[in-house]
Amino acid sequence: GLAHNGHWDGTDTQLRYFYEDIDLMDNSQLNGAIAEVQQQNHTLDGQLTHQLGNHLLTTGAEVRQTRLEHSMNLTGGDAKSDQQALYLQDEYLLDALTLTLAGRLDNHDTYGSEFSPRGYALYNLTDRWIIKGGLGKAFKAPSLAQSDGSYSIKACRGRCVVVGNPDLQPETAMNYEVGTSYEGDSFGAGLTAFDNQIDDMIQTESWKTKPGAPVLTYRNVDQARIRGLEFMPWYAITETVNLNGNYTLVKAKDETTGQDLLQTPEHTANLTLDWQWRSNLDFYTRYQYTGSQYLYVASANANQKSDAFNTLDAGINYAPITPLTLKFGLNNLTNTKRD
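What this report covers is the structure whose coordinates are included nearby. As the structure is a computational prediction, the values presented were derived from the model and not from experiment.

## Looking at the overall build of the protein chain
Looking only at helices and strands, the protein chain features one helix and 22 strands. Projected onto its principal axes, the C-alpha coordinates of the protein chain cover approximately 65 × 50 × 50 Å. When burial is assessed residue by residue, the protein chain has 30% of its 339 residues classed as buried. Relative to all contacts within the protein chain whose residues are 6 or more apart in sequence, the contacts with residues 24 or more apart total 49%. Averaging the locations of the 26 positively and 41 negatively charged side chains of the protein chain gives two centres separated by 7 Å.

As structure tokens, then:
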């Protein structure tokens, strides 16, 4: 990667270029043969920020190019994807109120162009307490593995095949949120309500009926809606011991069928206790709760509701010298197994 950061009279600029070249040999026993895989990624982006009175103006562009070659899983041998984007943002400061207006134009070589506007407001009630809210449009194109019909890979320990879906459409959404947060000396919390209305939502599990091994692919949900609340409290028990939490309540529906969306638990929560024993040594314990959710069960050929489950993790972060950090941890200490 190469980057240049410029600081001019009232203007900041940034120009970056990244290149990745990945070569690997896939000799999985599921394949029954050796496959050669190569992927090349190019990313070029630039940004200019200028202060104009009470307005902070930001404009930029990015170009992304991906090339994938797979001697076994791609029928044609290779696949490619090209994307470009332009964006403009105006952040306007008016005493305790900050207004942000932005727009982004995406162009994809397969899915065409999409404009995504955004508006957001943040108001400081006090130095510690703010309220905020806004709306915006989002655009997400399918990945090469999701959309290229010639791409396939064995999964389910060899009992199924995952293939791309060339009929897959890009996902667009209108997102609305309003929230508030408070930051005290030893405690704080944030509360956010959100409503996401999604067209052509990409679902990662859908089974086709074909002779032989089941085929797992991707599909679009015509209209989906995900609403919820997120609560994020924290508390400094002492100067070195901190407790952080997060709880999310989600209602996720397929608006076309009225059914719950797959792989979307209604309740999720986590709680982390962190002890900074020394400046270069800390210990943590993390509890995670995942509520019940609907999953596709191949043996029953139906969606079924799974049980909720809990996990407990613990770990240590140690920095013996300034540029080096060593991490040791154990996940799922209780050896929880899902139904």
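Picking up after the structure, the text goes on.
## Observations regarding the nonpolar core
Formed by A173, F194, I198, M201, V221, A224, I226, V250, A252 and L261, the largest nonpolar core amounts to ten residues. Contributions of two or more residues to this core are made by strand 12 (187-203), strand 15 (219-236) and strand 16 (241-254). Residues in contact with L261, not counting those within four places in the same chain, are M201, Q203, V221, A224, I226, A252, K253, D254 and Y294. V37, A79, L144 and Y151 belong to the second-largest nonpolar core, a separate cluster that totals six residues.

## Points about a nonpolar patch on the surface
On the surface, Y123, L125, W129, I131, Y182, F187, Y235, I237 and L273 cluster together into a nonpolar patch covering about 810 Å² of accessible area. Here I237 shows up in the loop between strand 15 and strand 16. What makes I237 partly exposed here is its relative accessible area of 40%.

## A closer look at the side chain of S150
By secondary structure assignment, the location of S150 is in the loop between helix 1 (144-147) and strand 9 (152-155). Of the polar contacts made by the side chain of S150, one reaches the side chain of D148; its length is 2.4 Å. Excluding residues within four positions of it along the chain, S150 makes contact with N73, L74, T75 and G76.

## A look at the pattern of salt bridges
It is possible for side chains bearing opposite charge to pair when their charged atoms get close. Within this structure, the stated rule accounts for 14 salt bridges. Residue D82 pairs with K80 through a salt bridge whose shortest N-O separation is 4.0 Å. Judged by relative accessible area, which is 15%, D82 ranks as buried. Under the relative-accessibility criterion, K80 is labelled partly exposed at 47%. Bridged by salt links that share partners, the residues E62, R64, R104 and D106 form one connected network.

## Let's talk about the pairing of strand 8 (residues 129-140)
Pairing analysis gives seven bridges linking strand 7 (residues 112-124) to strand 8, with the strands arranged antiparallel. Of the residues in strand 8, the one forming a bridge with N124 is I130. Counting the residues between successive antiparallel strands, the hairpin from strand 7 to strand 8 contains four residues.

## A few points about the environment of A96
Mapped onto the fold, A96 is located in the loop between strand 5 (78-94) and strand 6 (97-108). Distance in space between the C-alpha atoms of A96 and N124 is 5.2 Å, their sequence separation being 28 residues. With near-sequence residues (within four places) excluded, A96 lies in contact with L122, Y123 and N124.

## Notes on the packing of aromatic side chains
Taken as a whole and judged by the stated rule, the model has four aromatic pairs. Geometrically, the ring pair formed by Y182 and F187 is tilted, given 5.8 Å between the ring centres and 35° between the ring planes. Accessibility expressed as a relative area gives 30% for Y182, which makes it partly exposed. Residue class for F187 comes out partly exposed when judged on its relative accessible area of 43%.

## Quick notes on unusual backbone geometry
One non-glycine residue with positive phi stands out, namely Q263, at about 55°. By secondary structure assignment, the location of Q263 is in the loop between strand 16 and strand 17 (267-278). Even without being glycine, N332 reaches a positive phi, approximately 55°.

## As for the side chain of D282
When you line up the elements, D282 lands in strand 18 (residues 281-290). Of the side chains with opposite charge, K327 lies nearest to the buried D282, which makes no salt bridge, at 8.6 Å.

## Some remarks on the environment of A314
Examined against the element boundaries, A314 turns out to sit in strand 21 (residues 309-321). Each C-alpha atom of the pair A314 and E171 lies 37 Å from the other, and the pair is 143 residues apart in sequence. If near-sequence neighbours (up to four positions away) are discounted, A314 is found in contact with Y284, T285, F328, G329, L330 and L333.

Each value, and the rule that gives it
Just so you know, the residues in each chain are numbered from 1, in the order the chain's sequence is written. With the structure being a predicted model, the display of local features is reserved for residues of pLDDT at least 70 and the display and counting of side-chain atom pairs for 80 or more, all residues being used for whole-chain, interface and lining totals. Where side-chain values are given, they derive from all heavy atoms of the structure, hydrogens and water being excluded. Starting at the N terminus, helices and strands are each numbered in turn, a helix being any DSSP run of H or I of at least four residues and a strand any DSSP run of E of at least two. Accessibility here uses a 1.4 Å probe with only protein chains present; expressed as a share of the type maximum, an area under 20% marks a residue as buried, one over 50% as exposed, and anything in between as partly exposed. Any two residues having at least one pair of non-hydrogen atoms within 4.5 Å are treated as being in contact. Positive residues here are Lys and Arg, negative ones are Asp and Glu, while His and the chain termini are left out of the count. To locate a charge, take atom NZ for lysine, CZ for arginine, CG for aspartate or CD for glutamate. For this analysis, a nonpolar core means a set of buried residues of the types Ala, Val, Leu, Ile, Met, Phe, Trp, Tyr and Cys, connected via side-chain atoms within 4.5 Å. What goes into a patch is any residue over 30% in relative accessible area without a salt bridge, connected to like charges within 9 Å or, for nonpolar side chains (Val, Leu, Ile, Met, Phe, Trp, Tyr), within 5 Å. Using a 1.4 Å probe, accessible areas were evaluated by the Shrake-Rupley method; residue-level cover was limited to the displayed protein chains. Counted as salt bridges are all cases of a side-chain nitrogen of Lys or Arg within 4 Å of a carboxyl oxygen of Asp or Glu. Think of a polar contact as two N or O atoms within 3.5 Å of one another; within protein, one of them needs to be a possible hydrogen donor and the other a possible acceptor, and neighboring residues in sequence only count if both atoms come from side chains. Any two strands with at least two DSSP-identified bridges between them are counted as paired. Two aromatic rings, drawn from Phe, Tyr or Trp (for Trp, its six-membered ring), form a pair once their centres lie within 6.5 Å of each other, and the interplanar angle then sorts them: stacked below 30 degrees, edge-to-face above 60, tilted otherwise.

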